[in-house]
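Each chain is listed here by its residues.
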Amino acid sequence: MGGMSEETDVRAAPVAARVHLAHAVVQKLADDRGIDLLHLKGPAVLPGLRPEGRHSSDVDVLVRPSHLRSLVTAVESVGFEQRTSFATGSVFAHAANWWHDDWGWVDVHMSWPGVTIDAERAYDVLARDRVVRQIAHRDCPVPNRTAQRLILTLHSARSGGTTDLDHAWTAATPEEQDAVRALATELHAEVALAAGIGELELHRGDPTYLLWRHVTRGGSRFDEWRARLAAATTLRAKAELLTAAMRVNRDHLRMELGHAPTRSDIRARQRLRLRRAAGELTSRVRRS
Amino acid sequence: MRYRIADDVAWVSEEDLDGGEEPTAYLTRVPKGPPILLEGSGCVVWLALDEGGTLEEVIATAAAMTGAEPDSISDDVATLVDQLVVIGVVIEE
C-alpha cells in the first residue's frame, strides 16, 4: 500500500493543489471569526467562465472592507506573512498580499479595479447574490455568474487583455452581457468595463479614461503617473499620489531582491528611477 | 464502528485538478495544517473513506476501485485508516 507523507513532500505538490487548500484555509478562518469575504478567480470561477485546465497560482479573495483588520489578524495567526501593502500592491492600491510556506500567495482585495463606488457598498452589491462553490470539499461563497463575468472582464482590462475575456464576455449571450452592463452601472464600473470590451473611446471625457488607456495599451511610467493623477479627483488624492511617486516601492523591491532592501538598495533604485524618468522625458522632448 | 473524513478537513485529488495519472490526494486540517499527501493506494483508501462506512465497507470500496481482492489489502487498509485517525483527519464513531 502507498503511504502518507507530510509537509516536505506536499510542498512539491502542484500549485493548483496548494491553491485549492489555501482557499479552504482562508474560508475556515473567515467562518470562525464571522468575516465576510468572497472567493475570486481560480477554483472559485463557475464552470464555463474560464478555459478548461486553467489554474491559478495564488488565492484571491475580496473581503468586506470593515472586516479587513480581522482577516489580517486571522491569516497572520496561522503563519501568513504580509509581503505588499495596499498602497504598493498595484497601480489601483486595491490589494495586498501574504505569503505562507505551505499555501503560497493569498491576495486580499478590498475593492476590485474599475469599481468606483464606496468599497463597503460595492462588497454588498457583489455579495448580494453570492452562491456557494465547493473548493477542496469546503463551502466557499463566490460571486454569482453575472458578477463573475464582470470581475473577470475587469481583470482582463487591467491586465491588458487576457483569455478570460473570451469566456467571461465574448461567449456570453446578449442578455447576459446586458446583465453585466447593468451591474457595472450599479458599481460605477462602466469605464473599466468599456476598457475590457473595447469601448473605452466612448468615455474620453471621464477622469479615469487616461488610466484605463494606459492599463490597456501600455506606456511609460511617466504616462502611468499622469494617468493616475488625472484619475485622482480630490486634492488630497493627488497629493498622496505625488508623494508615492517620489518613493521607491520597498515591497516590490523586496520581492525582486529576495530580501528586505537595505538603504543602499533603495538609494540605487531611486537613482535608477530618476535616470529612467529623465530618459522618458528626454524621449518625450525629442518626439515633440 | 464507522469511519468518515473529519469535519475540519479540506482536500483535493488529482481528479479535481484534471491532473496526473497516479491517484493523489492533498489534504489538510483547516486552518492550521499541516499539508498531507496521499499517493497511489493511499489515495484510493482516502476516496473510499469519502464514502464513509465500517472498516469492512471501506476495504470493499477500495478493493472495488482497484480490482484487488479485499482479503489481500485488508491489513494495509486497516493500518492506514488507523494512522489517519491518529492524526485527526478521519474520525471513528
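Not measured: the values here are computed from a predicted model.

Rules used in this analysis
Residues numbered from 1 in each chain as written. Chains lettered and ligands numbered in written order. Predicted model: local features only at pLDDT ≥ 70, side-chain atom pairs only at ≥ 80, totals over all residues. Heavy atoms only, no water. Helix = DSSP H or I, 4+ residues; strand = E, 2+ residues; numbered from the N terminus. Contact = heavy atoms within 4.5 Å. Areas by Shrake-Rupley, 256 points an atom, 1.4 Å probe, with all protein chains shown as cover. Pairing = 2+ DSSP bridges. Salt bridge = Lys/Arg side-chain N within 4 Å of Asp/Glu carboxyl O. Polar contact = N/O pair within 3.5 Å; in protein donor to acceptor, adjacent residues only side chain to side chain. Nonpolar A, V, L, I, M, F, W, Y, C, P; charged D, E, K, R; others polar. Expected span 1.5 Å × (residues − 1). Buried < 20%, exposed > 50% of the residue type's maximum accessible area, 1.4 Å probe, protein only. Arc of directions from axis to C-beta. Axes fitted to C-alpha atoms, helices over the stretch in contact; angles between N-to-C directions. 1 Å grid on protein atoms, 1.4 Å probe; cavity = no way out; pocket = protein on both sides within 12 Å on 5 of 7 lines; lining within 4 Å. Points joined across faces, edges and corners; volume = space filled by probe spheres on them. Core = buried A, V, L, I, M, F, W, Y, C linked by side-chain atoms within 4.5 Å.

Novice: Please clarify how the overall build of chain A should be interpreted in this entry.
Specialist: Regarding its fold elements, chain A presents 12 helices and eight strands. Within chain A, counting contacts between residues at least 6 apart in sequence, those at least 24 apart form 58% of the total. A total accessible area of about 14,100 Å² is found for chain A, and carbon and sulfur atoms account for 51% of it.

Novice: Explain unusual backbone geometry to me, please; I cannot follow it from the model alone.
Specialist: Note: most residues except glycine have negative phi, and most peptide bonds are trans. Residue and element names in this part refer to chain B. In this structure, the amide linkage connecting V30 to the following residue, P31, adopts the cis form with an omega of 5°. On the secondary structure map, P31 appears in the loop between β3 (24-29) and β4 (36-39). Across the junction of G33 and P34, the peptide omega takes the value 5°, indicating a cis bond. With respect to the helices and strands, P34 occurs in the loop between β3 and β4.

Novice: Before we go on, may I ask you to explain the sheet that holds strand β1 (residues 2-5) of chain B in this structure?
Specialist: All names here are of chain B. Here we have three strands laid out as an open sheet, ordered β5-β1-β6, and antiparallel in their pairing. Edge strands, defined here as strands with exactly one partner in the open sheet, are β5 (53-54) and β6 (90-92). Note: β1 against β6, three bridges, orientation antiparallel. Counterpart to Y3 in the pairing with β6 is E92.

Novice: Is there a simple way to think about the interface of chain B and chain A in this case?
Specialist: Put simply, an interface is often sized by how much accessible area is lost when its parts join up. The partner chain A presents 27 residues to the 33 residues of chain B that form the contact. At the junction of chain B and chain A, the tally comes to zero salt bridges. Taken together, the connections running from chain B to chain A amount to four residue pairs in polar contact (both at pLDDT 80 or more). For the side of chain B that touches chain A, the element with the most residues is helix α3 (residues 70-86) of chain B, which contributes six residues. Residues of the side of chain B that touches chain A, tallied by class, amount to 20 nonpolar, five polar and eight charged.

Novice: When you look at helix α6 (residues 174-186) of chain A in this model, what are you seeing that I'm missing?
Specialist: Structurally, the α-helix is built with 3.6 residues per turn, so residues lying three or four positions apart point the same way. Residue and element names in this part refer to chain A. Compared with an ideal rise of 1.5 Å per residue, which puts 13 residues at 18 Å, α6 spans 18 Å between its outermost C-alpha atoms and is within 8% of the ideal. Burial in α6 covers these residues: Q177, V180, L183 and A184. The arc that holds every buried residue of α6, seen down its axis, measures 120°, which confines them to one face. Turned more than 90 degrees away from the buried face of α6, the exposed residues are P174 and E175.

Novice: What is the right way to read the sheet that holds strand β5 (residues 95-100) of chain A from this model?
Specialist: Within a sheet, adjacent strands bond to each other through the backbone by hydrogen bonds, running parallel or antiparallel. Residue and element names in this part refer to chain A. A sheet is described by the order of its strands in space; here five strands give the open sequence β2-β3-β6-β5-β4, paired in mixed fashion. Each edge of the open sheet carries a strand with a single partner, namely β2 (37-40) and β4 (81-84). Between one strand axis and the next, the sheet turns by 30° as a mean value, whatever way the strands run. In the sheet, β5 pairs with strand β6 (residues 104-109) via six bridges, with the strands oriented antiparallel. Paired with W98 across the two strands is V106, which belongs to β6. Together, β2 and β3 (59-63) form the strand contacts of helix α3 (residues 119-128), whose direction differs from that of β2 by roughly 65°.

Novice: How should empty space enclosed by the protein be read in this particular structure?
Specialist: Where empty space is left in the structure can be found by rolling a water-sized probe over the atoms. All names here are of chain A. This model, assessed by the stated rule, comprises three cavities of 30 Å³ or more. Put simply, the largest cavity is a space of about 50 Å³. Along the walls of the largest cavity sit L62, M110, S111, W112, V115, A119, A122, Y123 and L126, which together make up its complete lining. A breakdown of the residues in the lining of the largest cavity according to their chemical character gives eight nonpolar, one polar and no charged.

Novice: How do you make sense of the pairing of β3 of chain A when you look at a structure like this?
Specialist: Put simply, side chains in a regular strand alternate between the two faces of the sheet. Residue and element names in this part refer to chain A. Of all five residues that make up β3, five are buried, and the element is covered over most of its length. The sheet contact formed by β3 and β6 spans four bridges and is parallel. Across the sheet, residue V59 finds its bridge partner in β6, namely V106.

Novice: Before we go on, may I ask you to explain the nonpolar core in this structure?
Specialist: Note on soluble globular proteins: their nonpolar side chains tend to be buried together. Core analysis: the biggest nonpolar cluster contains 35 residues, and L37, L71, F80, W98 and V108 of chain A have the highest contact counts within it. Contributing elements (two or more residues each) for this core: α1 (15-33), β3, α2 (68-77), β5 and β6 of chain A together with β2 (9-13) of chain B. Tallying contributions element by element places α1 of chain A first for this core, with 10 residues. Discounting chain neighbours no more than four positions away, the residues touching F80 of chain A are V25, V75, W98, W99, H100, W103, G104 and V106 of chain A. One finds V115, A122, A157 and V215 of chain A within the second-largest nonpolar core, a separate group that totals 32 residues.

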